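Read off the chains here:
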Amino acid sequence: MKKELPKTYNMEEVENKWRKIWAKEKTYEFNYDAKRPLYIVDTPPPYVSADHLHAGHIMSYSQAEFIIRFKRMRGYNVFYPMGFDDNGLPTERFVEKKYNIDESKITKSEFVKICLKETEKGAERYRKLWNDLGISVDWSKTYSTISPVAVKVSQRSLIDLWKKKVLYRKESPVLWCPSCQTAVAQADLEDKESDSKMNYISFKTAKGKDLTIATTRPELIPACVALYVNPKDARFKNLIGEKAVVPLFNYEVPIKASDEVDAELGTGLMMVCTWGDQDDLDKWRTDNLDTRALIEEDGTLRKLGGKYQGLKLLEARERIIDDLKNQGCLIKQEELTHTVNVHERCGVPTEFILSKQWFIKITDMEDVWLKRGKQLNWYPGYRFKDYELWVKSIKWDWCISRQRYYGVPFPIWYCSKCEEPIFARDEDLPVNPFEDKPPVKKCPKCKGTKFIPEQDVMDTWATSSCTPFLLRELVSGKAKDKLFPATLRANAFEIIRTWDFYSIVKSHYNFNTIPFKDVMISGHGFDEKGKKISKRLGNYVSPDTLLKKYGADAIRYWATGAGLGQNLRLNIEEFKKGKKTTIKLWNVAKFLEMNIDDFKLSKENIAFEFADIWIMRELNEAIEKATNDFEQYEFAKARNEIDSFFWSKFTDYYIEFIKYRFFSDDQKSKKAAQQTLLIIFYSILKMFAPILPFVTEEIYQQFFAEMEEAKSIHLSLWPEQIELKNVSDVSDFDSAIQAIDEVRKYKSESGISLGAQLDEFELETKIDMEKYGEFVRKVVRVDKLFF
RNA sequence: GGGCGGUUGGCACAGUUGGUUAGCGCGUCUCGUUUACACCGAGAAGGUCGGGGGUUCGAAUCCUCCACCGCCCACCA
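What this report covers is the structure whose coordinates are included nearby. (Residues numbered from 1 in each chain as written. Chains lettered and ligands numbered in written order. Predicted model: local features only at pLDDT ≥ 70, side-chain atom pairs only at ≥ 80, totals over all residues. Heavy atoms only, no water.)

Quick word on the state of the cysteines
Alright, step 1. Following the criterion strictly, the structure yields zero disulfides and no others.
Alright, step 2. We note that Cys273 lacks a disulfide partner, and the nearest cysteine sulfur, in Cys224, lies 5.0 Å from it.
Alright, step 3. No disulfide involves Cys329; its nearest neighbouring cysteine sulfur is the one of Cys224, lying 13 Å away.
Alright, step 4. The class for Cys329 is buried, based on a relative accessible area of 12%. (Disulfide = S-S within 2.5 Å. Buried < 20%, exposed > 50% of the residue type's maximum accessible area, 1.4 Å probe, protein only.)

What follows is the structure, given as structure tokens:
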């Protein structure tokens, strides 16, 4: 049946319509079906506390989704759930700021309640944006990282790690954020440039000889436990084994030797404190130095600080410098700029403090992590380097406990007498140790009867690293066992060292396998000038504004623009081009509507003409290339391929080549053109479908739905190449095209309308006149062609 | 200090295993209302591929050094 398309494409109306219908018809719902191969997608659960959604978010999720739609059309049974990461520090800080909350004046449960409310709001915003963009998520399969199922899976994973003896609790120096007042992991650190001073301070040996050390952290002097020199350093080697006297505090520390001391740096004499940096920790560990814990959880000096006790680190620094000056122990100060490690969530420099924390063993396992990493397919391949580099730089076991409120609780109680940890039973999960009782009445170790719940919550990555085996909990029945490992993990490069790495760790320990087969790494969205989009710079437009102005299809079109793993600038021109493409598709549909009476593929033998065969050959090539590109996750290349076939071959040439046949009385020729148009355009629509889901669906429903069983173009199959057997040889068709170009050029340069009829034209291009003469004459409207 | 990515006409980008006059889009200029489309069509101008050196019959494409941009890691006594 023939339908009348509106004259112009009403983008907003069409997009809205299909959003509603896809939701109502549950077009993207996952239904297990043993016959079809599975394609399981694990995309990042975004932080719902991110209140600055921008084009970068659109870009990375769209890019993964192009592949997902492609795979769906390739016959895969796609399982595409969506999660929201709403636990942990980012949410807490967001809530504190938004409501101006002082945590000391609010109960833990009140605070958590507000966090939950905010995260719900945040999730709703994301959900709406993804939906507006046409992200083909199965919305009946969602999770949040604080939901009972996520808590259960995380806790179960943790208990398993304990049983496998790779989880341990230990008092040791840990990376600590004095602002958030929690332990943090190595992966949570960020570099920050800051101005500081190098202080040259005089020590004395026990025998009274003068020594000078250089430090940027004079406030750590009360925690000084040793001085180090290089044993090859002629100036100092005779000091090795002697004692030095710490100024202001007047206690003795040993002078030791280490090859790692660089005689050129500072004064060549290194002060080791507990603990200022990695060196301090290394020396402390290997040489069994004293433990002098100086820093309190809130970033003030402990009792060890003597008269400086209670001062903040920076205040203590000033006072100590003053006092050193007064005692003549400060020799000089030099300005310098150096990089400090700050907590990425708040930008405050981290410290090391002595604290009891839970750790997962990841150090000394480089070969294991590398082996696991190599078992994955990395797209693009060079991003494996990022993983490799990270794995090789791991110095700490993964500290997973956080001294915060809003997060997944540890399923752990401690015996109040002997501190033995009691883990929850699997059948009781999820548990909240504050509300639930431990599974034993008596401590198995000391028979104590009182238990204290673990106060800490888990690191957010301890939870989100479980997503590969959390996803399957969203379905019931037979499918469950088949939904792990996932097929595709898609994320941006900056979370390779966290999300990807920790997921690999968890799957390795818990299931002795890899968490997913393919990793697809996207770049970042940049602003129009090429600057990274950030909240601080305010260099972004809200996605809603962009969507309203250009439509989802156009924005998705832009998102195809970056090569895999490359950054992508915001580019309004690309939005416009995307919009133009949707309109062009619409107008071609109008053309078909005007010239085709019956939208059916004919079963009769069709007398295809040269131009028809030519365009079908071109189509086959385009299909082959686009398919290969998509298979390699190269959506940018695929789009270019489809684009150039559509614009340069199909609309610029083929449609012009056949117009005359529609005005002629040759029914056979007309029929062949109609059939070719149908075949080609239908394939084009399908190839554009992963990128432009709305306009392709609209046209599909108008003209092609009746030809197929699929209720949506997105559930139809990806186009196959057309079989071209027993057809004329058109390998010289390019000469005909060249002749046509020649006439077009002549008309254009002579100011003659392309539609004007010419009596005769002398061609320079040599063509097979018998074969293509009539065709060229009709297309370019010339009565007589000759050489 | 180590590593990754990038540097191609005004702008934003493609350039497969090295091979004929280096491509596309936008922009610019000139034309054209051809019954799908002016959110159109035809045509033109414009680059020697960041810089130096090398390999080769031949390099944007391989090697080497350097510069600049972006990012990651490490160090900073």
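Regarding the protein's contact with RNA strand B
Alright, step 1. Surrounding RNA strand B, one finds 53 residues, the nearest of these being Ala214, Asp279, Thr339, Arg497 and Ile583.
Alright, step 2. The share of sugar and phosphate among atoms of RNA strand B within 4 Å of the protein is 65%.
Alright, step 3. One of the side-chain nitrogen or oxygen atoms of Lys659 is found 3.2 Å away from a phosphate oxygen of RNA strand B.
Alright, step 4. Between Arg744 and RNA strand B, the recorded distance is 3.4 Å, taken from a backbone N or O atom to a sugar or linking oxygen.
Alright, step 5. Of all the elements in the fold, those that place two or more residues in the surface near RNA strand B are strand E8 (210–215), strand E12 (269–273), helix H6 (278–287), strand E13 (330–343), helix H9 (384–392), helix H15 (572–595), helix H17 (635–662) and helix H20 (733–749).
Alright, step 6. Top element by residues in the surface near RNA strand B is H15. It accounts for 10 residues.
Alright, step 7. A per-class count over the surface near RNA strand B returns 17 nonpolar, 15 polar and 21 charged. (Near = heavy atom within 4 Å. Polar contact = N/O pair within 3.5 Å; in protein donor to acceptor, adjacent residues only side chain to side chain. Helix = DSSP H or I, 4+ residues; strand = E, 2+ residues; numbered from the N terminus. Nonpolar A, V, L, I, M, F, W, Y, C, P; charged D, E, K, R; others polar.)

Considering the pattern of salt bridges
Alright, step 1. Here the structure, examined in full by the defined rule, presents 50 salt bridges.
Alright, step 2. We note a salt bridge from Lys548 to Glu12, for which the minimum N-O separation is 3.4 Å. Pair noted here: Lys548 is in helix H13 (residues 543–550) and Glu12 is in helix H1 (residues 11–25), with a separation of 536 residues, a long-range link.
Alright, step 3. Residue class for Lys548 comes out exposed when judged on its relative accessible area of 58%. (Salt bridge = Lys/Arg side-chain N within 4 Å of Asp/Glu carboxyl O.)

Focus on the pairing of strand E26 (residues 758–762)
Alright, step 1. Strand direction decides the pairing type here: E26 and strand E27 (residues 782–786), joined by four bridges, are parallel. Across the sheet, the residue bridging to Leu758 is Val782, located in E27.
Alright, step 2. Following the chain from E26 across helix H21 (residues 769–780) to the adjacent parallel E27, one finds a crossover that is right-handed. (Pairing = 2+ DSSP bridges. Right-handed = clockwise from strand over helix to strand, strands pointing away.)

With respect to the packing of aromatic side chains
To describe a pair of aromatic rings, you give the distance between the ring centres and the angle between the ring planes.
Alright, step 1. Enumeration over the complete set of coordinates arrives at 56 aromatic pairs.
Alright, step 2. Between Tyr387 and Phe501 the ring centres are 6.2 Å apart and the planes differ by 55°, which places this aromatic pair in the tilted class. With Tyr387 in helix H9 and Phe501 in helix H12 (residues 496–511), this pair connects stretches of sequence that are 114 residues apart. Residues Tyr387 and Phe501 agree in their burial class; the two are buried.
Alright, step 3. When the centroid spacing of 5.9 Å and the interplanar angle of 85° are considered together, the rings of Phe469 and Phe484 count as edge-to-face. A residue pair is termed long-range when its members are at least 10 positions apart, and Phe469 in helix H11 (residues 467–470) and Phe484 in the loop between H11 and strand E22 (486–492) qualify at 15 residues.
Alright, step 4. Take Phe469: its relative accessible area is 4%, and that puts it in the buried class.
Alright, step 5. Given a relative accessible area of 11%, Phe484 falls into the buried group.
Alright, step 6. Taken together, the ring pairs in this structure connect Phe599, Phe646, Trp647, Phe650, Tyr654, Phe681, Tyr682, Phe688, Tyr700, Phe703 and Phe704 into an aromatic cluster.
Alright, step 7. Sitting over the ring of Trp499, Arg489 keeps its end group 3.2 Å from the ring centre. (Phe/Tyr/Trp six-rings, centres within 6.5 Å; stacked < 30°, edge-to-face > 60°. Lys NZ or Arg CZ within 6 Å of the ring centre and 35° of its normal.)

Here we look at a negative patch on the surface
Alright, step 1. A cluster of acidic residues, Glu190, Asp191, Glu193, Asp195 and Glu335, forms a negative patch on the protein surface.
Alright, step 2. It is strand E7 (residues 189–205) that contributes the most residues to the negative patch, four residues altogether.
Alright, step 3. Its location among the elements puts Glu190 in strand E7.
Alright, step 4. According to the relative accessible area criterion, Glu190 is partly exposed, its value standing at 40%. (Patch = residues over 30% accessible without salt bridge, like charges linked within 9 Å, V, L, I, M, F, W, Y side chains within 5 Å. Areas by Shrake-Rupley, 256 points an atom, 1.4 Å probe, with all protein chains shown as cover. Lys, Arg positive; Asp, Glu negative; His and termini not counted. Charge placed at Lys NZ, Arg CZ, Asp CG, Glu CD.)

Here's the deal with the environment of Arg383
Alright, step 1. Within the fold, Arg383 resides in the loop between strand E15 (377–379) and H9.
Alright, step 2. Residue classification places Arg383 among the buried positions, given a relative accessible area of 13%.
Alright, step 3. Residues Arg383 and Ile496, 113 residues apart in the sequence, show an inter-C-alpha distance of 8.7 Å.
Alright, step 4. When neighbours within four sequence positions are excluded, Arg383 is seen to be in contact with Trp378, Phe493, Ile496, Ile521 and Gly565.
Alright, step 5. There is a polar contact of 3.0 Å between the side chain of Arg383 and the side chain of Asp386. (Contact = heavy atoms within 4.5 Å.)

Side note on H6
Alright, step 1. All of the buried residues in H6 are Asp280, Leu281, Lys283 and Trp284. Seen along its axis, H6 keeps its buried residues to an arc of 165°; they face one direction.
Alright, step 2. The inward-facing, buried residues of H6 contact strand E5 (167–177), strand E9 (224–229), E12 and strand E14 (351–360).
Alright, step 3. One side-chain oxygen of the residue at the start of H6 lies 3.0 Å from the amide nitrogen of Asp280, identifying that residue as Asp277.
Alright, step 4. Positive backbone phi, approximately 50°, marks Asn288, located one or two places after H6. (Arc of directions from axis to C-beta.)

Don't take any of this as a statement about function, it's just geometry.
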